[in-house]
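Residue-level structure breakdown
In case you want the letters, here they are:
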Amino acid sequence: MATLISCGPGFFAKTLGLLSSRSLARCTCVCPAVRGVSFSTSSGGPPKRPLTGYLRYAVQQRPAVAKQYPDVRIVEITKKIAQEWRLLSPEQKKPYQEAALAAREVYKEEMTKFKEQLTLAQATALKEEKRKKVAKRRAIRKKRELTMLGKPKRPRSAFNIFMSEHFQEATGESMQAKMKNLLEDWSKLHTSQKEVYMQLAEDDKIRYKNEMKSWEEHMVEVGREDLIRNRKKKTKPKKSVKAKGNKTKIKVVSESEGTEMPASSPGTGKSASRAKKAEE
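Read on for a plain summary of the structure. (Residues numbered from 1 in each chain as written. Predicted model: local features only at pLDDT ≥ 70, side-chain atom pairs only at ≥ 80, totals over all residues. Heavy atoms only, no water.)

**Things to note about helix α5 (residues 74-87)**
With 14 residues, α5 ought to run about 20 Å at 1.5 Å a step, and its terminal C-alpha atoms sit 20 Å apart, in line with that. Of all the positions in α5, only Ile77, Thr78, Ile81, Ala82 and Trp85 are classed as buried. For α5, the angular spread of the buried residues around the axis is 140 degrees, confining them to a single face. (Helix = DSSP H or I, 4+ residues; strand = E, 2+ residues; numbered from the N terminus. Expected span 1.5 Å × (residues − 1). Buried < 20%, exposed > 50% of the residue type's maximum accessible area, 1.4 Å probe, protein only. Arc of directions from axis to C-beta.)

**Some thoughts on the nonpolar core**
With 12 residues, the main nonpolar core is built from Leu51, Tyr54, Leu55, Tyr57, Ala58, Val65, Ile77, Ile81, Ala82, Trp85, Leu88 and Tyr96. The set of elements that each furnish at least two residues to this core consists of α4 (53-68) and α5. The biggest single contributor to this core is α4, with five residues. Ranked by size, the runner-up nonpolar core spans 10 residues in total, among them Ala158, Phe159, Leu182 and Tyr197. (Core = buried A, V, L, I, M, F, W, Y, C linked by side-chain atoms within 4.5 Å.)

**Focus: a positive patch on the surface**
Taken together, Arg49, Arg104, Lys108, Lys115, Lys130, Arg137, Arg138, Arg141 and Arg144 make up a surface patch of like positive charges. Counting residues per element, the positive patch draws most heavily on helix α7 (residues 120-148), which supplies five residues. Within the fold, arginine 144 resides in helix α7. Exposure remark for arginine 144: the relative accessible area of 36% places this residue in the partly exposed category. (Patch = residues over 30% accessible without salt bridge, like charges linked within 9 Å, V, L, I, M, F, W, Y side chains within 5 Å. Areas by Shrake-Rupley, 256 points an atom, 1.4 Å probe, with all protein chains shown as cover. Salt bridge = Lys/Arg side-chain N within 4 Å of Asp/Glu carboxyl O. Lys, Arg positive; Asp, Glu negative; His and termini not counted. Charge placed at Lys NZ, Arg CZ, Asp CG, Glu CD.)

**What about the packing of helix α8 (residues 158-166) against helix α10 (residues 191-221)?**
In a packed pair of helices, the relevant descriptors are the angle between the two axes and the axis-to-axis distance. In the contact formed by α8 and α10, the axes pass within 8 Å of each other and the chain directions differ by 110 degrees. Between α8 and α10, the angle is such that the two are roughly perpendicular. Residues Ala158, Ile161, Phe162, Glu165 and His166 of α8 form the contact with α10, whose participating residues are Tyr197, Met198, Leu200 and Ala201. A breakdown of the residues in the contact of α8 with α10 according to their chemical character gives seven nonpolar, one polar and one charged. (Axes fitted to C-alpha atoms, helices over the stretch in contact; angles between N-to-C directions. Parallel < 35°, antiparallel > 145°, perpendicular 65-115°, else oblique. Contact = heavy atoms within 4.5 Å. Nonpolar A, V, L, I, M, F, W, Y, C, P; charged D, E, K, R; others polar.)

**Thoughts on the packing of aromatic side chains**
Counted by the stated rule, this structure contains eight aromatic pairs. Look at tyrosine 57 and tyrosine 96: their rings are 5.4 Å apart centre to centre, the planes differ by 85 degrees, and that puts the pair in the edge-to-face class. Of this pair, tyrosine 57 sits in helix α4 while tyrosine 96 sits in helix α6 (residues 90-116); the two residues are 39 residues apart in sequence, bridging distant segments of the chain. Taking relative accessible area as the criterion, tyrosine 57 reaches 6% and is therefore assigned buried. When the ring of tryptophan 85 is compared with that of tyrosine 96, the centres are 6.2 Å apart and the planes differ by 70 degrees; the resulting orientation is edge-to-face. With tryptophan 85 in helix α5 and tyrosine 96 in helix α6, this residue pair connects regions lying 11 residues apart in the sequence. Given the relative accessible area of 1%, tryptophan 85 is considered buried. A network of ring pairs unites the aromatic residues Tyr54, Tyr57, Trp85 and Tyr96 as a single cluster. Lying across the ring of tyrosine 69, lysine 80 places its NZ or CZ 4.5 Å from the centre. Here the guanidinium or amino end of lysine 178 rests over the ring plane of phenylalanine 167, the centre of that ring lying 5.1 Å away. (Phe/Tyr/Trp six-rings, centres within 6.5 Å; stacked < 30°, edge-to-face > 60°. Lys NZ or Arg CZ within 6 Å of the ring centre and 35° of its normal.)

Here's what the structure looks like:
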């Protein structure tokens, strides 16, 4: 539950804004559909994910808190509800948590029945979508952890520096239009004008390098060596090439028998002459 609360008030504010008492009975929080795959089964679609104990409490308390603080934004209302939840005793949280567990068991049974009706293509697509969601959540958690640990920001490129300086004054109604116009302005700049931003980008690289060195040293001190970049590059051992001498085959013809005696080394000539003397 602490993990849910630590996700930030923005998430719960968005969730609570979409939920109602009717959606609580239906256990909303719809499982996202997989692109390009139609789940036309007898049940009509995947079952709805059940609410957690905290979200059940939040949905129940939201109208009363909103009525008590009419001029407060929904984000602040969510913070107040989260604070109230933390102050509840285990006995007070128990009804909400038990209801969440019961709803989860029903959800598992419905999900099992739903998966049994899927075709192979639908099951594969659903599995792939789940894998992407898990990978995305892990990446978000990793990024949040690195931010909390104070990891330095990556160096900006010359165009990024140019864009940050001129974004406010750029023409265009949307962000995409502004970035497109800024890219055109960047391409029209003279080389001497771009060199200013390129030098700033080089300075930012030096800044990043120095900050990363200090940060990684600190991570080693606190026992987080797993966050250190691996600088060791595997180098393949160089194969030693031995110079091979040219071996010439020498054919020695015996005068008496007329047989050929091959020799593959310079020393063979001496042995051949000795054999010839022995024959004489």
